[in-house]
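Listed below are the residues making up each chain.
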Amino acid sequence: MFISFFPKPKLFFISAVLWSLAAVLFWFFAGRDFGAYLGMPPAAPDVPPVVGIAIFATKPFIWFYIYYTICVAIFYAFWSWYSPHPWQAWSILGSALILFIIYFQVQVDVAINNWYGPFWDMVQGAMAKTAPITIDQYYTGFATFAGLAFVGVFVSVLTAFFVSHYIFRWRIAMNGYYMDHWSKLRHIEGASQRVQEDTMRFSTIMEGLGTNFVQSIMTLIAFLPVLLHLSVNITELPFFGHVPNALVVAAIFWSILGTITIAVAGMKLPGLQFRNQRVEAAYRKELVYGEDHDDRAQPVTVRELFDNVRRNYFRMYFHYVYFNVVRYMYGQANGIFSFLIMGPSIVAGKITLGLMNQVAFAFSQVTSSFQYLVTSWSTIVELLSVYKRLRAFESVIYDEPLPEIDERYLKTQSEDA
């Protein structure tokens, strides 16, 4: 699954994490100040943020682009020398590009959050007739948002195009690797499906979960300071009263509660999904044999195999009922939770309309990041089932013991032969 696309996967991923951590720490403690020597100093802390797409062409941003490129080039050069791999351009440079795009999309969200405050405060002043504005100012404010939204849409479209190619390149790598060992693998139950379908599903799910995880981390890095800054204006929580850093505390509590609840509700689903792949493959296999052999796919056998499919689906439907109840109820509550915790401050008139929108947006970004497991649980369940099938598949290549269900299948095949 990994060795076909990445050089020395275990060492590669460990080194990627350590190198990324070192690059991030160096950036925050020293790297971003180095830009001053090139005429690109960091923004002064007391200077208001640039509102609009011009923020992405400021000197601090340009210096970060250069810094990121240097870090990626060093990492790529090392692996090209240490362990050359035929897919290293896609697995290393392609992954680095996806990471940069994720960072850029998070910065677009930060820029939108910076737009919320002054724009909605301007609207509030106009509606209260305390700070009249012109129609040109109003539409200019929306034009600024439109510019940010256009950049976000444009980057998202290009990202989808590139990621589609990235995923298919990973599938090509896996397909070639398995076909090189096809003489060993062809006897495994559902071998053709595992090569043709599971490889695509695995690469697609892994890319999606991986990028969402990285995006969650980057969003936390970008928005936690914002939430800490906004907590100065929100000092009280309902039922608890004064709480230091109230917004951050509430976000962490709410996210942990959701994660634990969703995990407990969905703990049976991975096994059921894995079992579902098995029974579906067994049923499909018998039908395929029945196309070429008169003695296969007889009514009694087919009925028994389909009964296994039916029973497993009905069990899945039952367990998904309470899982979806928990998931959807939490999702609905999540949409209004930030407004509930702002209740005392809103009633006391401590915050403006612009600040309220900034808090709501920043709070949703932070809680969404903390809720990675909540939003990804169904996808993780599917990934586990696909991983188990491919891992059992690869056991044959590495002469490792097969899972019991695969051993039974091979034994049945030998008896039939």
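Because the structure is predicted, anything quoted here is derived from the model rather than measured. (Residues numbered from 1 in each chain as written. Predicted model: local features only at pLDDT ≥ 70, side-chain atom pairs only at ≥ 80, totals over all residues. Heavy atoms only, no water.)

With that out of the way, let us pick up the confidence of the model for the protein. In this model, the protein carries a mean pLDDT of 80, and residues with pLDDT of at least 70 account for 92%. For the protein, helix H13 (residues 404-416) is the element with the lowest average pLDDT, namely 54, and helix H2 (residues 59-82) is the one with the highest, namely 93. (pLDDT = per-residue confidence, 0-100. Helix = DSSP H or I, 4+ residues; strand = E, 2+ residues; numbered from the N terminus.)

Applying the stated criterion across every chain yields a total of one salt bridge. Salt-bridge contacts for Asp307 lead to Arg310; the nearest nitrogen and oxygen are separated by 3.7 Å. Of the two residues, Asp307 and Arg310 both sit in helix H9 (residues 299-341), three residues apart, roughly one turn of that helix. Given the relative accessible area of 26%, Asp307 is considered partly exposed. (Salt bridge = Lys/Arg side-chain N within 4 Å of Asp/Glu carboxyl O. Buried < 20%, exposed > 50% of the residue type's maximum accessible area, 1.4 Å probe, protein only.)

Of all hydrophobic cores here, the largest spans 56 residues; its most connected members are Phe56, Phe223, Leu227, Leu247 and Phe363. In this structure, Ile92, Ile102, Phe162 and Val386 belong to the second largest nonpolar core, which totals 29 residues. (Core = buried A, V, L, I, M, F, W, Y, C linked by side-chain atoms within 4.5 Å.)

What follows deals with the UniProt feature "transmembrane region" (unreviewed entry) in the protein. Following the UniProt record, the feature "transmembrane region" (unreviewed entry) maps to residues 12-30, 62-82, 89-106, 142-168, 209-228 and 248-269 here. Secondary structure over residues 89-106 splits into 100% helix and 0% strand, and the C-alpha atoms at its two ends are 25 Å apart. (UniProt positions renumbered as here; feature names shortened; annotations may be inferred.)

Quick look at the environment of Leu247 now. Within the fold, Leu247 resides in helix H7 (residues 246-265). Once the C-alpha coordinates of Leu247 and Ser338 are considered, the two residues, 91 residues apart in sequence, prove to be 8.5 Å apart.

Our focus in this paragraph is unusual backbone geometry. Unusually for a residue other than glycine, Lys8 sits at a positive phi of about 40°. Residue position: Lys8 is located in the segment before helix H1 (9-34). Accessibility expressed as a relative area gives 43% for Lys8, which makes it partly exposed. Of note, Asn245 is a non-glycine position whose phi angle comes to about 50°, a positive value. With respect to the helices and strands, the residue Asn245 is situated in the loop between strand S2 (241-242) and H7.

This structure, assessed with the given rule, holds 51 aromatic pairs. Measuring from centroid to centroid gives 5.9 Å for Phe2 and Trp170, while their planes differ by 50°, and the two rings are tilted. Residue Phe2 is located in the segment before H1, and its partner Trp170 is located in helix H4 (residues 135-180); the two are separated by 168 residues in the primary sequence. Overall, Trp170 belongs to the buried group, its relative accessible area being 3%. (Phe/Tyr/Trp six-rings, centres within 6.5 Å; stacked < 30°, edge-to-face > 60°.)

This next bit is on the packing of helix H3 (residues 88-128) against helix H11 (residues 353-370). In the contact formed by H3 and H11, the axes pass within 6 Å of each other and the chain directions differ by 155°. If you check the angle between H3 and H11, you find them roughly antiparallel. Crossing geometry of H3 relative to H11 is assigned as right-handed. Where H3 approaches H11, its residues Asp109, Asn113, Asn114, Tyr116, Gly117, Trp120, Asp121 and Gln124 are matched on the opposing element by Leu353, Gly354, Leu355, Asn357, Gln358, Phe361, Ala362 and Gln365. Each residue belonging to the contact of H3 with H11 can be placed in one class, and the counts come to six nonpolar, eight polar and two charged. (Axes fitted to C-alpha atoms, helices over the stretch in contact; angles between N-to-C directions. Parallel < 35°, antiparallel > 145°, perpendicular 65-115°, else oblique. Left-handed = near helix turned anticlockwise from the far one by under 90°. Contact = heavy atoms within 4.5 Å. Nonpolar A, V, L, I, M, F, W, Y, C, P; charged D, E, K, R; others polar.)

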